[in-house]
Amino acid sequence: MENNALFTPTSDYDCEILLEKDGEFEDGYLTEVNVDPGETKSFDLPFEIPTEGGEYVVTVSFLLKKDELWADQGHEVAWGQGVFGKAAEVKHEGKLTVVHGWKNLGVKGENFEVIFSRLFGGLVSYVYGGRELLKTIPKPNFWRAMTENDMANQLPFRAGQWKAASMYVSHKYHHGRRGTDYKVEEKEDSVKVIYTYHLAAKPAMDCKVSYTVFPDGEIQVSLDMDPSSEVGELPEFSMMFGLDYDLHHLKWYGKGPEETYVDRQNAKIGIYENEVMDNMAKYLVPQECGNKMDVRFAELTDNRGRGIRFNCNHLEFSALPWTPQEVENATHQNELPLPVRTCVRVGKQMGIAGDDTWGALTHPEFMLDNKKPMNITFSFRGI
C-alpha cells in the first residue's frame, strides 16, 4: 500500500476491506492501517481469497473517521480494487431440433425457438418462454454518435465511411440481385450459423458474424473483421440489437454506476441498476453517452422481471432508447424521436476524444487498433 499524501498518515482514516463474489457481498472488515506520508507498506488481508468457483473482487477503501468541514464521517477518500479468479463455466444441457426450410433455418430447444433467414440475412427471431425478444435483426455496428470532442477534431471527416458501413451493411451484392448464403455447422450439442456481410466502404470490406446456438437457449455471438485501417479510424466495433422498449430496466455487473469509457473509467467494479432512459445524458446537443466498461453481464427486463441477459465477456455495453444515428440526427433533446425500442450495443469503442474541445485527438492508446484483425465474442439468453 502506497501513501501519496504529503502530510496525512492512513491511520487518520478507517480502512474498509470488502470481498465480493461475482458482484455479491461475501465478507467485510473495518480496521486501521498505518502508512506514513510518502511511504509504502504491505499488509495481509483479513481473509483468504478462494481460487475457484467464481470471480472475487477485493475492495479497499479509506473513509473519514469523523465529520470534516468538506465531508461527513464515512466519506470515501481513496479506494482500490483487485480481481481474482474467474466466473465458473456454464454447462449447456438439453437437446436441439433443427428444421431446414427453403429460406429459413429453425433451431428449437425446450424453452426457445430461433429462426435464421437466408433471404433477410440474419437472426430474425429469438423467442424465449413464448416471447419474441428481437425487434430488429442484430447487425454489425462501427459508429457511435459523435461527441463534441469528435466534431472538434474532425473525426467524422476521417472516419465517415464507417457510418455508411453501419447503416448499409448487407449480405446482398450485385445490385441486390444476389446474396451471400449463410453457412451451417451442426453438432450434437450446438448449431453454428455464419453470415458474411459486405460493408459500404472503399476499399471493399467484409465482416463475418457467427451465431452458435446451445440447447439451453444461450446464443454465442462472434464478430470478425480483417485489418481495416485503410477505411479510416474506427469509432466502434460492436453488434447492435433492437429490443422491445418494454425491456427498460438495466442491471449490469461491471464498472459504474456512472458511464465509463476506455479513457474515462475510474470507477468501481460492482452490480448496478438503472432505467435505460437514465443512460441518456442531458447534454444540450445529444451525443454519445451511457457506455459501460468491463461488463461481465447485463440484464434488460420488463416490469415482470422477464427479458434478456447478455454475458459480455468483459466487453463494453450500452443500452439507450435510440440508435447512434437517431441520437446524432437530433440537435437538441426535444428533437429525439419517440422511443420505440431499446438499442443495445456490445463490443468496443475508441476513447471519447482527447483532452479538450479545440481539436485534441484521442490518445493513441485509447484508439481501436484496426491495423490488425478484430474480434469480439459474447453471448445472450432469455430470462
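Residues numbered from 1 in each chain as written. Predicted model: local features only at pLDDT ≥ 70, side-chain atom pairs only at ≥ 80, totals over all residues. Heavy atoms only, no water.

On to the layout of surface pockets. Volume-wise, the largest pocket comes out at about 840 Å³. At the level of secondary structure, the elements contributing two or more residues to the lining of the largest pocket comprise β20 (292-301), β21 (307-320) and β23 (374-382). Here the residues of the lining of the largest pocket sort into 8 nonpolar, 9 polar and 8 charged. Approximately 480 Å³ is the volume found for the second largest pocket. Where the lining of the second largest pocket is concerned, the elements lending two or more residues are β1 (13-21), β2 (24-31), β3 (55-64) and β4 (76-85). Top contributing element to the lining of the second largest pocket by residue count: β4, with 4 residues. (1 Å grid on protein atoms, 1.4 Å probe; cavity = no way out; pocket = protein on both sides within 12 Å on 5 of 7 lines; lining within 4 Å. Points joined across faces, edges and corners; volume = space filled by probe spheres on them. Helix = DSSP H or I, 4+ residues; strand = E, 2+ residues; numbered from the N terminus. Nonpolar A, V, L, I, M, F, W, Y, C, P; charged D, E, K, R; others polar.)

Turning to empty space enclosed by the protein, a few remarks are in order. In total, this model carries 1 cavity of 30 Å³ or more according to the counting rule given. Put simply, the largest cavity is a space of about 40 Å³. If you trace the largest cavity, you find it lined by Glu-236, Ser-238, Asn-291, Glu-316, Ser-318, Arg-345, Val-346, Gly-347, Lys-348 and Gln-349. At the level of elements, β17 (236-244), β21 and β22 (341-349) are the ones that each hand at least two residues to the lining of the largest cavity. Top contributing element to the lining of the largest cavity by residue count: β22, with 5 residues. A per-class count over the lining of the largest cavity returns 1 nonpolar, 5 polar and 4 charged.

Here the focus is the pattern of salt bridges. Counted by the stated rule, this structure contains 17 salt bridges. Of the charged contacts, one joins Glu-233 and Arg-158 as a salt bridge, the two residues approaching to 2.6 Å between their closest N and O atoms. Residue Glu-233 is found in the loop between β16 (219-225) and β17, and its partner Arg-158 is found in helix α2 (residues 155-167); the two are separated by 75 residues along the sequence. Each of Glu-55, Asp-294 and Arg-296 takes part in salt bridges that share partners, so that together they form one network. (Salt bridge = Lys/Arg side-chain N within 4 Å of Asp/Glu carboxyl O.)

Right, let's talk about the state of the cysteines for a bit. Under the criterion given, the structure shown has 0 disulfides. A disulfide-free cysteine, Cys-289 has its sulfur positioned 11 Å from the sulfur of Cys-343, the nearest such atom. Residue Cys-289 is classed as buried on the basis of its relative accessible area of 0%. (Disulfide = S-S within 2.5 Å. Buried < 20%, exposed > 50% of the residue type's maximum accessible area, 1.4 Å probe, protein only.)

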